[in-house]
Amino acid sequence: MKKKFSELHENGDIYINNIKYYPFGTIESCQINLEKLFQNGFSTERCSMRAPQSIVSYAMLTLVAISNNQKDQFGEQSIPAFDYYMAPGVVKTFKKEFRQTVYDILEYTDFDKFIALNGIEREIDKITSIDFDISTFYKYTRDSEELKRMFRVVYEKAKVKTNKQVYQSMEGFVHDLNSICSNCLTTINIGTDVSIEGRSISFNLLRIIKEGLGDNRVAVSPKIVFKIKNGINFRNGDPNYDLMVEACEVSKVTSNISFSFLDSDINIENYKSDDFNTEVAYFENGTRIIDNFVDKDKVVSSGRGVIASTVINLPRIALRCSNSIEDFMNELNDKVDIVKDQLIESYDIQSNKRVKDFPFLMKEHVWIDSERFEDENSKIKKVLKNGVLQISFTGLNEALIVLNENGHESSMKSQELGFKIVEFLANKTKEYVERYNLNFVLSGNENLEVSKYFVEIDRVIFGKIKGVTDKDFYINSFELGDENDYKRKIKIESKYHKLTNGGHKTVVFSNDIENTIKCMYKYGIGYGVIKYIE
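Residues numbered from 1 in each chain as written. Predicted model: local features only at pLDDT ≥ 70, side-chain atom pairs only at ≥ 80, totals over all residues. Heavy atoms only, no water.

**Quick look at the packing of helix 8 (residues 241-251) against helix 17 (residues 513-523)**
Then, in step 1: Orientation of helix 8 relative to helix 17, taken along the N-to-C sense of each, is 115°, at an axis distance of 9 Å. On the basis of their axis angle, the class for helix 8 and helix 17 is roughly perpendicular. Contacts between helix 8 and helix 17 involve Tyr241, Met244, Val245, Cys248 and Ser251 on the former and, on the latter, Ile513, Glu514 and Ile517.
Then, in step 2: Of the residues assigned to the contact of helix 8 with helix 17, the class counts are six nonpolar, one polar and one charged. (Axes fitted to C-alpha atoms, helices over the stretch in contact; angles between N-to-C directions. Helix = DSSP H or I, 4+ residues; strand = E, 2+ residues; numbered from the N terminus. Parallel < 35°, antiparallel > 145°, perpendicular 65-115°, else oblique. Contact = heavy atoms within 4.5 Å. Nonpolar A, V, L, I, M, F, W, Y, C, P; charged D, E, K, R; others polar.)

**Regarding the pairing of strand 7 (residues 223-228)**
Then, in step 1: Counted residue by residue, strand 7 has six buried out of six residues, so it is predominantly covered.
Then, in step 2: In the sheet, strand 6 (residues 186-190) pairs with strand 7 via four bridges, with the strands oriented parallel. The residue of strand 7 that forms the bridge with isoleucine 190 is phenylalanine 226.
Then, in step 3: Handedness of the crossover is the feature at issue here: the chain leaves strand 6, passes through helix 7 (residues 196-211), returns alongside strand 7, and the resulting connection is right-handed. (Buried < 20%, exposed > 50% of the residue type's maximum accessible area, 1.4 Å probe, protein only. Pairing = 2+ DSSP bridges. Right-handed = clockwise from strand over helix to strand, strands pointing away.)

**Thoughts on the side chain of lysine 505**
Then, in step 1: Following the sequence through the fold, lysine 505 ends up in the loop between helix 16 (486-497) and strand 14 (506-510).
Then, in step 2: Side-chain polar atoms of lysine 505 contact the backbone oxygen of glutamate 284, separated by 3.5 Å.
Then, in step 3: Setting aside chain neighbours within four positions, we find lysine 505 in contact with Glu284, Asn285, Gly286, Glu446, Phe478, Glu479, Glu493, His497, Tyr527 and Val529. (Polar contact = N/O pair within 3.5 Å; in protein donor to acceptor, adjacent residues only side chain to side chain.)

**With respect to the side chain of threonine 429**
Then, in step 1: Mapped onto the secondary structure, threonine 429 falls in helix 14 (residues 412-436).
Then, in step 2: For threonine 429, the side chain forms a polar contact with the main-chain oxygen of alanine 426, separated by 2.6 Å.
Then, in step 3: Residue contacts for threonine 429: discarding those within four places in its chain leaves Ile391, Phe440, Val441 and Leu442.

**Focus on the pairing of strand 12 (residues 388-394)**
Then, in step 1: With respect to burial, strand 12 is a largely interior element, seven of its seven residues being buried.
Then, in step 2: Burial along strand 12 is two-sided: the face carrying Val388, Gln390, Ser392 and Thr394 and the face carrying Leu389, Ile391 and Phe393 are both buried.
Then, in step 3: Note: strand 11 (residues 306-313) against strand 12, seven bridges, orientation parallel. Opposite valine 306, over in strand 12, you have valine 388 as the bridge partner.

**Section: a positive patch on the surface**
Then, in step 1: Taken together, Arg354, Lys356, Lys379 and Lys381 make up a surface patch of like positive charges.
Then, in step 2: Along the polypeptide, lysine 381 turns up in helix 12 (residues 381-384).
Then, in step 3: Overall, the relative accessible area of 44% leaves lysine 381 in the partly exposed class. (Patch = residues over 30% accessible without salt bridge, like charges linked within 9 Å, V, L, I, M, F, W, Y side chains within 5 Å. Areas by Shrake-Rupley, 256 points an atom, 1.4 Å probe, with all protein chains shown as cover. Salt bridge = Lys/Arg side-chain N within 4 Å of Asp/Glu carboxyl O. Lys, Arg positive; Asp, Glu negative; His and termini not counted. Charge placed at Lys NZ, Arg CZ, Asp CG, Glu CD.)

**Topic: the sheet that holds strand 14**
Then, in step 1: Strand order in the open sheet made by the seven strands is 2-5-6-7-8-15-14, with mixed pairing throughout. The outermost strands of the open sheet, each flanked by one partner alone, are strand 2 (30-31) and strand 14.
Then, in step 2: Pairing of strand 14 with strand 15 (residues 527-532), which is carried by five bridges, proceeds in the parallel orientation. Following the sheet pairing, threonine 506 is matched in strand 15 by glycine 528.
Then, in step 3: Most of the contacts of helix 3 (residues 55-71) go to strand 5 (residues 77-79), to which it runs at about 145°, and overall it touches strand 2, strand 5 and strand 6.

Put into structure tokens, the structure is as follows:
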């Protein structure tokens, strides 16, 4: 690392998130494509996993995938479409239960003498969804009402047994994630699969999160991002509306639930109704994955993530420039150029690493397009470019207090200035994309430890300044200061969501979860957290 970058980090001008891993070229985070891993199975350092054949196996292999991918990265792990990925495991389980229930009943009757078992086996093999017309099997009954009734009973029993298996699998998954993988923060995106199988996954996962881990223990992981989409789960009458209501209920008892909004201006652009891979995916901290300016054919969330990220200390620049907005903008311009150079340096180090340096992420083709590598000694640059280089900022509110004597929660002039600052940063990242053909994105920082790190250093340098350094940490990102009116907070902060394509997060307190979701939807929030208060 160049000395000027390390000095800026040590002095608190910027915070390089991967500074501990710089020499190793470790990548930060990834949205894991389970569908690809489940298709043919995968290998770990010590064993090979065959393709899963039941929902129990799907859940177990998901845990294995998360824990092994974490070894190749230092940041958060996430599943972009958990309900879609797990749904085939529900179908496979149902087929097993259906088949076994048929044989169990036949074992105690003489019906097997009248039924063509080979034909039934072939018919079961054709099942692609639990939601089918059981009369399909009537052709094997020779018009016997007793046999028709048998198939109806088998169908209902198989559904009950399958749902029990799904519940137990999700229970084991959550419990193991909080014990075996307790150091791995995992985010799971769900909510838009309207199939009976996908709905079963989402409902049972929410149920487990709500129930907790026993002895009044709350599950730390996974964090659930419930995706809101009009026509799917937003309004009463939508097929997954009941799941949205359940997510609201869960959010009353745990902080594990957050909400992303697929219809917001920033998230709807790349959405295709027939391709769940085009649904935006978020990490718990608000990091957003979908845009791909480098390869327009790979504008998807799965298999992609953050290559590296660095945070800019906005209050520091404001304190140096005192009341001069012009000086502030000039120094901000210089600072973001430096951060761009630092991220490119980090990218160059990382892209010169080889496939073998990432035994799971690259060798098992978790990262998008990594299947192109036939030699483990190949450098990963050709596929790494599909990830994002994240320029983040924090403390906008404190910077505005220094520059304009008021934060943007109490001054229209500060709101206008705040928008101008973030818009400037957004335009700079677009400029870098065009110049370097890399996925530079802008994000609001949501790491309190970083905000605490900055304010502690600034307090030493500038002393205690009311509303700025006289606190434990700067207010994250573009978030407002003290604002009790959640509707007003949502309305003001929503403007910044449109500018921060790398990540954003609006946090509000409310005693009416569903109406707060509707408010977020109305104003175009991309990603939000609602903390329930009675």
